[in-house]
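Each chain is listed here by its residues.
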Amino acid sequence: MLFAALSLLLVTGISCRKSPASPTGLVTEKAMVVSAREEASAIGVEILREGGNAFDAMVATELALAVAYPYAGNLGGGGFMVYRKSNGDVGALDYREKAPLSATADMYLDSLGNVIPGLSTRGATAVGVPGTVAGVFEVHEKMGSLPLEKLLEPVIALAERGVIVTENQENRLERYRDQIIEISGEETFFFTKCRVGDTLKYPSLANTLRRIKNNGRDEFYKGETAKKLAAFIQERGGYLTEEDLAKYQAVWRQPVIFNYKDLRIISMSPPSSGGVTINQIFKMIEPYDIGDYEHNSGEAIQLLTESFRRAYADRNFYLGDPDFVEIPLDFLLKEDYLHQRMSDFTFDKATKSESVSHGTVEILESAETTHYSIVDEMGNAVSVTTTLNGAYGSKLYCDELGFFLNNEMDDFSSKPGTPNMFGLIGAEANSIAPEKRMLSSMTPTIVEKDGKLWLVVGTPGGSTIITAVAQTILNTYEFNLSMQEAVEAPRFHHQWLPDYIIFEPDGFPEETKEFLRSKGYLINEERTPVIGKVDAIRILPDGRMEGGADPRGDDTAVGY
Ligand code: DON
């Protein structure tokens, strides 16, 4: 009976849906790259124009972001790629950082068992074994079509020619300059203040990239670069060794795939929590037909918040590196289970998150990651999120090699029950162990509609990544916004603990917040951060594509 009622709801929901929104973002005929910097998007497109496929463009765009967007683009970090080939094959690559061999569960704790502030977030002790170079080589070897040299040449040229500082970049460098100098010393490249319009040239990075071009993947993991990098980190008291680098491997994974109404959503599997958590969210809301509510109305926010709350509670307890922990995915993704999770939800009042023993939990620092989306002429799609974790990672810049090192070790749960820098509370499943990968929230996602490629989407934003990706998909699918509008629309976030909703500044009317307060929702008024920088592509009914480039950053869609 209930099932019949729900099915009817679904059918009516779908049939009522309006025709697709007219595009408001960049529209192109054949191919597109949307990334955090125009220079990187343009290099990806240059590769596509020269006959490269989306995977070739991935290699070039990823490395170009390491040059043009050192805030998050990287050689010293890691990431995840989800792809869909034009023939419908899908897959995922995990090039997430790993804990060094000498890592231990209590490496960031003092003798009393308390977390030592800063050890997992700043400087050499915070650095996990980088995966990015292994990632791009893996993609190139398995899926690329152009010679690697061809992909690297424009990137090296960009590092030599330099990148023009934007206003956003000046502000970011100014904000983090003291911390970078404190960690990396006064000799660091970033000691000099940068102003809008300055050109930043990266000769050391160009040299590193050139050695990689000449000597291949092993240059970074076993060659001169590996030796220099390991020595650099060791001298500063970090854990990473030559052996750690030599042992690093990227891993192909089966993505998480699920249906939401007539969409098929393909997203990143563990060690990222993105796919599992977004799958839970969509299945929890599916019976309600959220499209019947007004976009960002009190009811829509209530429904999403309650699904976010329940999904993050599972995330934090169950998820970790699947090579190390047993994740009960069959159970966590079962529709019956997810519908039952929502059985105590009513629109009358907020559910309260379980209180945690140590009281108030704060989201301490906003930090950076970056996402890019690519579609090529053949219809291959690539969705990649890559990160150093924090803004400029550990703030440790290796001047000789020309790049920042990650602080990804903070994504582990250093002490179960104690929040990390995103306020996420982890459990045993995400404890530290040698060679283990730390749990991520990165959610590179591809969506099919009626069996065809429809959306490529993802974002930075730490713990807010998953909820921002969910909102962007719903904005287009349920609320009929164009890709660009869906990206621009104001966002909100809830992550179970701390038990409050955060809203972006100015995006939500006071009466909506008042409505939610009246239902018992807590709203954090002090924290109104920008949530994510979504870069997405929508395939239009006539086969053209619309870019959604987030105006919260310098993000730019380029295509032809
Ligand atoms: O993997 C993760 O979930 C985090 N390291 C991502 C960090 C991030 O998105 C910071 N960006 N705002």
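Residues numbered from 1 in each chain as written. Predicted model: local features only at pLDDT ≥ 70, side-chain atom pairs only at ≥ 80, totals over all residues. Heavy atoms only, no water.

Caption draft 1: Local environment of the overall build of the chain. Check the secondary structure of the chain and you find 17 helices and 20 strands. Computed over its C-alpha atoms, the radius of gyration of the chain comes to 22 Å, within 12% of the 24 Å expected for a compact globule of 560 residues. Taking the principal axes of the C-alpha coordinates as reference, the chain spans close to 65 × 60 × 45 Å. Intrachain contacts of the chain at a sequence separation of at least 6 include 74% that bridge at least 24 residues. Of the roughly 19700 Å² of accessible surface on the chain, a fraction of 51% belongs to carbon and sulfur atoms. (Helix = DSSP H or I, 4+ residues; strand = E, 2+ residues; numbered from the N terminus. Rg over C-alpha atoms; globule rule 2.2 N^0.38 Å. Contact = heavy atoms within 4.5 Å. Areas by Shrake-Rupley, 256 points an atom, 1.4 Å probe, with all protein chains shown as cover.)

Caption draft 2: Fine view of the UniProt feature "binding site: L-glutamate" (unreviewed entry) in the chain. UniProt annotation of "binding site: L-glutamate" (unreviewed entry) refers to Arg96, Thr387, Leu388, Asn389, Asp411, Ser440, Ser441 and Gly462 when read in the numbering used here. These annotated residues cover 367 residues of sequence, and their C-alpha atoms all fall within 14.4 Å of one another, placing them together at a single site. With respect to the helices and strands, the residue Arg96 is situated in the loop between strand S4 (90-95) and helix H4 (132-143). The residues contacting Arg96, other than those within four sequence positions of it, are Gly79, Phe80, Tyr248, Thr387, Glu408, Asp411, Arg437, Met438, Leu439, Ser440 and Met442. Inspection of the secondary structure assignment puts Leu388 in the loop between strand S11 (381-387) and strand S12 (397-398). (UniProt positions renumbered as here; feature names shortened; annotations may be inferred.)

Caption draft 3: Focus on the sheet that holds strand S9 (residues 263-267). On the basis of which strands lie adjacent, the open sheet formed by seven strands has the order S1-S19-S18-S15-S14-S9-S8 and antiparallel pairing. Pairing within the sheet leaves two strands with one partner each, and these edge strands are strand S1 (27-28) and strand S8 (256-260). The pairing of S8 with S9 spans five bridges and is classified as antiparallel. What sits directly across from Ile257, in S9, is Ile266. Along the sheet, helix H11 (residues 274-285) contacts S8 and S9; its crossing angle with S8, the most-contacted strand, is approximately 15 degrees. Here helix H15 (residues 465-477) sits on the sheet and contacts S8, S9, strand S14 (445-449) and strand S15 (452-457); the angle it forms with S15, its principal contact strand, is near 135 degrees. (Pairing = 2+ DSSP bridges. Axes fitted to C-alpha atoms, helices over the stretch in contact; angles between N-to-C directions.)

Caption draft 4: Region of interest: the UniProt feature "active site" (unreviewed entry) in the chain. In this structure's numbering, the residues bearing the UniProt feature "active site" (unreviewed entry) are Thr369. Accessibility expressed as a relative area gives 5% for Thr369, which makes it buried. Here Thr369 is in contact with Tyr69, Ala72, Thr385, Thr386, Thr387, Asn389, Met442 and Pro460, once residues within four sequence places are set aside. A distance of 2.6 Å separates the side chain of Thr369 from the side chain of Thr387, its partner in a polar contact. (Buried < 20%, exposed > 50% of the residue type's maximum accessible area, 1.4 Å probe, protein only. Polar contact = N/O pair within 3.5 Å; in protein donor to acceptor, adjacent residues only side chain to side chain.)

Caption draft 5: Quick look at the pairing of S9. Across the five residues that make up S9, a large majority, four, are buried. The pairing of S9 with S14 spans five bridges and is classified as antiparallel. When the bridges of S14 are listed, Ile265 appears paired with Val447.

Caption draft 6: Up close: the confidence of the model for the chain. Per-residue confidence for the chain gives a mean pLDDT of 93, with 94% of residues at or over 70. The lowest-confidence element of the chain is helix H1 (residues 2-16), averaging 38 in pLDDT; the highest-confidence one is strand S3 (residues 78-84), averaging 99. Across residues 1-16 the pLDDT falls below 50, and counting only partners more than four positions away or on other chains, this stretch makes nine contacts in the model. Segment residues 355-366: pLDDT under 50, and 28 contacts once partners within four positions in sequence are set aside and those in other chains are kept. (pLDDT = per-residue confidence, 0-100.)

Caption draft 7: Representation of the packing of helix H2 (residues 38-49) against helix H5 (residues 148-161). Between H2 and H5, whose axes approach to 10 Å, the crossing angle comes to 150 degrees. With respect to their mutual orientation, H2 and H5 come out roughly antiparallel. Crossing angle aside, the handedness with which H2 passes H5 is right-handed. Here H2 contributes Glu39, Ile43, Glu46 and Ile47 to the contact with H5, which in turn contributes Lys150, Leu151, Pro154, Val155 and Leu158. Here the residues of the contact of H2 with H5 are counted per class, giving six nonpolar, no polar and three charged. (Parallel < 35°, antiparallel > 145°, perpendicular 65-115°, else oblique. Left-handed = near helix turned anticlockwise from the far one by under 90°. Nonpolar A, V, L, I, M, F, W, Y, C, P; charged D, E, K, R; others polar.)

Caption draft 8: A look at the pattern of salt bridges. A full pass over the atoms with the stated rule returns 38 salt bridges. One salt bridge connects Lys261 with Asp289, and the closest N-O pair in it is separated by 2.4 Å. Separated by 28 residues along the polypeptide, Lys261 in the loop between S8 and S9 and Asp289 in the loop between H11 and helix H12 (298-318) bring together distant segments of the chain. The exposure classification of Lys261 matches that of Asp289, with both residues buried. Each member of the salt-bridge network shares a partner with another, and the members are Arg211, Glu219, Glu224, Lys228 and Glu400. (Salt bridge = Lys/Arg side-chain N within 4 Å of Asp/Glu carboxyl O.)

Caption draft 9: Just the environment of Phe492, in detail. Relative to the elements of secondary structure, Phe492 occurs in strand S16 (residues 492-493). Along the chain, Phe492 and Phe508 lie 16 residues apart, while their C-alpha atoms are 9.0 Å from each other. Contacts of Phe492, omitting those with residues within four sequence positions, involve Asn296, Ile301, Leu304, Thr305, Phe308, Thr467, Gln471, Ile501, Ile502, Phe503, Phe508 and Ile531.

Caption draft 10: The packing of helix H3 (residues 54-68) against H4, seen in detail. For the pair H3 and H4, interaxial distance at closest approach is 9 Å and the crossing angle is 160 degrees. What the angle tells us is that H3 and H4 run roughly antiparallel. Relative to H4, H3 is oriented so that their crossing is left-handed. Within the contact between the two elements, H3 uses Phe55, Asp56, Met58, Val59, Glu62 and Leu63 and H4 uses Thr132, Val136, Val139, His140 and Met143. Grouping the amino acids of the contact of H3 with H4 by side-chain chemistry returns seven nonpolar, two polar and two charged.

Caption draft 11: Main features of the sheet that holds S11. Spatially, the seven strands line up as an open sheet ordered S7-S4-S3-S11-S10-S2-S20, and their pairing is antiparallel. Because the sheet does not close on itself, it has two edges, and the strands there are strand S7 (251-253) and strand S20 (556-559). If you compare each strand with its neighbour and ignore which way they point, the axes differ by 15 degrees on average. Examined bridge by bridge, strand S2 (residues 32-35) and S20 share four bridges and lie antiparallel to one another. Bridging from a neighbouring strand, Ser35 pairs with Thr556 of S20. Here H3 sits on the sheet and contacts S2, S3, S4, strand S10 (369-375) and S11; the angle it forms with S10, its principal contact strand, is near 155 degrees.

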